[in-house]
Amino acid sequence: MLTGPEIGLIGGIAGTVLGLAGGAFGTCCSIRNSRGPLERAFMIRASIVTWIALLVFLGLLLGLPSPYRFLMWIPYGIGLPLGIRYMNRRIQQIRTLDHL
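Conventions adopted
Residues numbered from 1 in each chain as written. Predicted model: local features only at pLDDT ≥ 70, side-chain atom pairs only at ≥ 80, totals over all residues. Heavy atoms only, no water. Axes fitted to C-alpha atoms, helices over the stretch in contact; angles between N-to-C directions. Helix = DSSP H or I, 4+ residues; strand = E, 2+ residues; numbered from the N terminus. Parallel < 35°, antiparallel > 145°, perpendicular 65-115°, else oblique. Left-handed = near helix turned anticlockwise from the far one by under 90°. Contact = heavy atoms within 4.5 Å. Core = buried A, V, L, I, M, F, W, Y, C linked by side-chain atoms within 4.5 Å. Buried < 20%, exposed > 50% of the residue type's maximum accessible area, 1.4 Å probe, protein only. Patch = residues over 30% accessible without salt bridge, like charges linked within 9 Å, V, L, I, M, F, W, Y side chains within 5 Å. Areas by Shrake-Rupley, 256 points an atom, 1.4 Å probe, with all protein chains shown as cover. Salt bridge = Lys/Arg side-chain N within 4 Å of Asp/Glu carboxyl O. Nonpolar A, V, L, I, M, F, W, Y, C, P; charged D, E, K, R; others polar. Phe/Tyr/Trp six-rings, centres within 6.5 Å; stacked < 30°, edge-to-face > 60°.

Engineer: Lay out the packing of helix 1 (residues 4-32) against helix 2 (residues 37-63) with the relevant residues and their values.
Structural biologist: Closest axis-to-axis distance for the helix 1/helix 2 pair is 9 Å, and the angle between their directions is 160°. Put simply, helix 1 runs roughly antiparallel to helix 2. Like other packed secondary-structure pairs, helix 1 and helix 2 cross with a definite hand, here right-handed. Residues Leu-20, Gly-23, Ala-24, Thr-27, Ser-30, Ile-31 and Arg-32 of helix 1 pack against Arg-40, Met-43, Ile-44, Ser-47 and Trp-51 of helix 2.

Put into structure tokens, the structure is as follows:
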């Protein structure tokens, strides 16, 4: 019979694996569904930058002492919407250039 902490550990590991698998699947779909070589190259670069930024964020979130790690949510909360907005605009620019 599993105890509470063991169930929590299994859930944490399973959640991590499913989250990483979902992120990898989404990244592959974004690259595969790009419409041209410029857009594909941008999506590859954007995916690499995004994965590195998220890994740094998670590393700092897990590595910093307790009062300071909560401050990491401030740049994340600001940077995520700005990054999404930048990537959407850049993809639209690339698509416009491809149609000219």
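Structure shown, so let's carry the discussion forward.
Engineer: Help me get a handle on the nonpolar core, residues and values and all.
Structural biologist: Counting five residues, the largest nonpolar core consists of Phe-42, Met-43, Ala-46, Ile-91 and Ile-94. Of all the elements in the fold, those that place two or more residues in this core are helix 2 and helix 4 (73-99). With three residues, helix 2 is the single largest residue contributor to this core.

Engineer: Kindly report on a nonpolar patch on the surface, identifying the contributing residues and their values.
Structural biologist: The grouping of Ile-44, Ile-48, Ile-52, Val-56 and Leu-60 at the surface amounts to a nonpolar patch, some 420 Å² of accessible area in total. Mapping Leu-60 onto the fold places it in helix 2.

Engineer: I'd like a rundown of the pattern of salt bridges, residues and numbers included.
Structural biologist: One pass over the full model with this rule turns up one salt bridge. Two residues, Glu-39 and Arg-95, come together in a salt bridge whose shortest N-O distance is 2.9 Å. You can see Glu-39 sitting in helix 2 and its partner Arg-95 sitting in helix 4, a full 56 residues away along the chain. Residue classification places Arg-95 among the partly exposed residues on the basis of a relative accessible area of 22%.

Engineer: Tell me what's going on with the packing of helix 2 against helix 4, and back it up with residues and numbers.
Structural biologist: Running from N to C, helix 2 and helix 4 point in directions that differ by 175°, and their axes come no closer than 11 Å. By the angle class used here, helix 2 and helix 4 are roughly antiparallel. Along its contact with helix 2, which presents Leu-38, Glu-39, Phe-42, Met-43, Ala-46, Thr-50, Leu-54, Phe-57 and Leu-61, the element helix 4 presents Trp-73, Tyr-76, Tyr-86, Met-87, Arg-90, Ile-91, Ile-94, Arg-95 and Asp-98. Taken together, the residues of the contact of helix 2 with helix 4 break down into 13 nonpolar, one polar and four charged.

Engineer: Could you give an account of the packing of aromatic side chains, with specific residues and numbers?
Structural biologist: For any pair of aromatic rings, the description consists of the separation of the ring centres together with the inter-plane angle of the planes. Here the structure, examined in full by the defined rule, presents four aromatic pairs. Ring centres of Phe-57 and Tyr-76 lie 4.4 Å apart, and the angle between their planes is 15°; this geometry places the pair in the stacked category. Of this pair, Phe-57 sits in helix 2 while Tyr-76 sits in helix 4; the two residues are 19 residues apart in sequence, bridging distant segments of the chain. Ring centres 5.5 Å apart and planes at 90° place the aromatic pair Trp-73 and Tyr-76 in the edge-to-face group. On the criterion of helical spacing, the pair formed by Trp-73 and Tyr-76 is a turn pair, its members being three residues apart in helix 4.

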